[in-house]
Amino acid sequence: MGTSLTPDFWRLFAVLLLLSATLTFVLSTVLDALYVRRLRRQQDRRPTARAEGSADRPSDAPGDGTRHLPSTARRGRAPHPPRRTPAHR
């Protein structure tokens, strides 16, 4: 018993496919925007490392300028192995 796919089926299929693709795109964009907004709000709420001055302006106190350099790993130590869950073993 064979069935034929009618033009009405293909029209409905195309509409549902476009609707689902559009909904997926819009939903992922909204969720991504909410996540980025949450990260930025958390970052704004974190206390700054410096007790005096604002984060926008450098302080007037003299400094050696080395505190802004990135920390480097000790040369004699090997890096830690990556953490692995039981599923990765």
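See the structure above.
Our subject in this report is the structure included herewith. (Residues numbered from 1 in each chain as written. Predicted model: local features only at pLDDT ≥ 70, side-chain atom pairs only at ≥ 80, totals over all residues. Heavy atoms only, no water.)

**Re the overall build of the protein chain**
And step 1. Helix and strand counts for the protein chain come out as 1 helix and 0 strands.
And step 2. Total accessible area computed for the protein chain in this model is approximately 9,600 Å², and 60% of it derives from carbon and sulfur atoms. (Helix = DSSP H or I, 4+ residues; strand = E, 2+ residues; numbered from the N terminus. Areas by Shrake-Rupley, 256 points an atom, 1.4 Å probe, with all protein chains shown as cover.)

**Concerning the packing of aromatic side chains**
And step 1. Per the stated rule, a full pass over the model turns up 3 aromatic pairs.
And step 2. Look at Phe9 and Trp10: their rings are 5.2 Å apart centre to centre, the planes differ by 75°, and that puts the pair in the edge-to-face class. (Phe/Tyr/Trp six-rings, centres within 6.5 Å; stacked < 30°, edge-to-face > 60°.)

**Focus on a nonpolar patch on the surface**
And step 1. On the surface, Phe25, Val26, Leu27, Val30, Leu31 and Leu34 cluster together to form a nonpolar patch covering roughly 590 Å² of accessible area.
And step 2. The partly exposed category is assigned to Leu34, whose relative accessible area is 47%. (Patch = residues over 30% accessible without salt bridge, like charges linked within 9 Å, V, L, I, M, F, W, Y side chains within 5 Å. Salt bridge = Lys/Arg side-chain N within 4 Å of Asp/Glu carboxyl O. Buried < 20%, exposed > 50% of the residue type's maximum accessible area, 1.4 Å probe, protein only.)

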